[in-house]
Amino acid sequence: MPRSYRETLERISRKLIKENKLQAGPTFPTGVSLNHCAAHYTPNAGDPTVLKYDDVMKVDFGTHINGNLSDNITASCLDYKCCKDVTVVELK
């Protein structure tokens, strides 16, 4: 069974920051939210949701290294017009 996008991102994040118990690791589970759900949604393993052409996907992940925290969220979509509209709405 192929890994989900969320599971792949979390695995790569753990490897890049050289996860080490309390010294370095994720600050919270990687979230992948679609459309009207702004953030903080974490799909369960086996979630059958498939990204559609006009969906807006937000990926939210954070890490900590030696007590320093980072939190990053980014939005993306396959339809350029859709993403352009989202950016305009957020900036108003």
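Residues numbered from 1 in each chain as written. Predicted model: local features only at pLDDT ≥ 70, side-chain atom pairs only at ≥ 80, totals over all residues. Heavy atoms only, no water.

Colleague: Hey, could you run me through the confidence of the model for the chain in this one?
Modeller: In low-pLDDT segments, the atomic positions of the prediction should not be examined closely. Scored by pLDDT, the chain has a mean of 76; 82% of the residues are at 70 or more. The low-confidence segment residues 88-92 (pLDDT under 50) makes 0 contacts with residues lying over four places distant or belonging to another chain. (pLDDT = per-residue confidence, 0-100. Contact = heavy atoms within 4.5 Å.)

Colleague: Would you explain empty space enclosed by the protein in this entry?
Modeller: Counted according to the given criterion, the structure contains 1 cavity of 30 Å³ or more. By volume, the largest cavity amounts to about 30 Å³. Every residue along the wall of the largest cavity is listed here: Glu10, Ser13, Arg14, Pro26, Thr30, Phe61 and Gly62. The set of elements that each furnish at least two residues to the lining of the largest cavity consists of helix H1 (5-16), strand S1 (24-34) and strand S2 (57-65). Of the residues forming the lining of the largest cavity, the biggest block, 3 residues, is contributed by H1. Grouping the constituent residues of the lining of the largest cavity by class yields 2 nonpolar, 3 polar and 2 charged. (1 Å grid on protein atoms, 1.4 Å probe; cavity = no way out; pocket = protein on both sides within 12 Å on 5 of 7 lines; lining within 4 Å. Points joined across faces, edges and corners; volume = space filled by probe spheres on them. Helix = DSSP H or I, 4+ residues; strand = E, 2+ residues; numbered from the N terminus. Nonpolar A, V, L, I, M, F, W, Y, C, P; charged D, E, K, R; others polar.)

Colleague: Even after reading the chapter, I still don't get the side chain of Thr63, so can you show me in this structure?
Modeller: Within the fold, Thr63 resides in strand S2. Look past the residues within four positions of Thr63 in its chain and what remains in contact with it is Ser13, Ile17, Gly25, Pro26, Thr27, Asn68, Leu69 and Ser70.

Colleague: Please clarify how the sheet that holds S1 should be interpreted in this entry.
Modeller: In a beta sheet, neighbouring strands pair by backbone hydrogen bonds and run either parallel or antiparallel. On the basis of which strands lie adjacent, the open sheet formed by 3 strands has the order S1-S2-S3 and antiparallel pairing. The open sheet is flanked by S1 and strand S3 (68-76), the only strands paired with a single partner. Each strand axis lies, on average, 10° off the axis of its neighbour in the sheet, ignoring direction. As paired elements, S1 and S2 share 8 bridges and run antiparallel to each other. By the bridge assignment for S2, Gly31 is matched with Asp60. (Pairing = 2+ DSSP bridges. Axes fitted to C-alpha atoms, helices over the stretch in contact; angles between N-to-C directions.)

Colleague: In this structure, what is going on with unusual backbone geometry? I would like to understand it.
Modeller: Phi at Asn35 takes a positive value of approximately 50°, unusual for a residue other than glycine. Structurally, the position occupied by Asn35 is in the loop between S1 and S2. Of note, Asn66 is a non-glycine position whose phi angle comes to about 50°, a positive value. Within the secondary structure layout, Asn66 lies in the loop between S2 and S3.

Colleague: Would you take a moment to explain the pairing of S2 for this structure?
Modeller: Strand residues, when the strand is regular, have side chains that alternate between the two faces of the sheet. When you tally the buried positions in S2, you get 7 out of 9 residues, the bulk of the element. The loop that links S2 with its antiparallel partner S3 comprises 2 residues; one of these, Asn66, has a positive phi angle of about 50°. (Buried < 20%, exposed > 50% of the residue type's maximum accessible area, 1.4 Å probe, protein only.)

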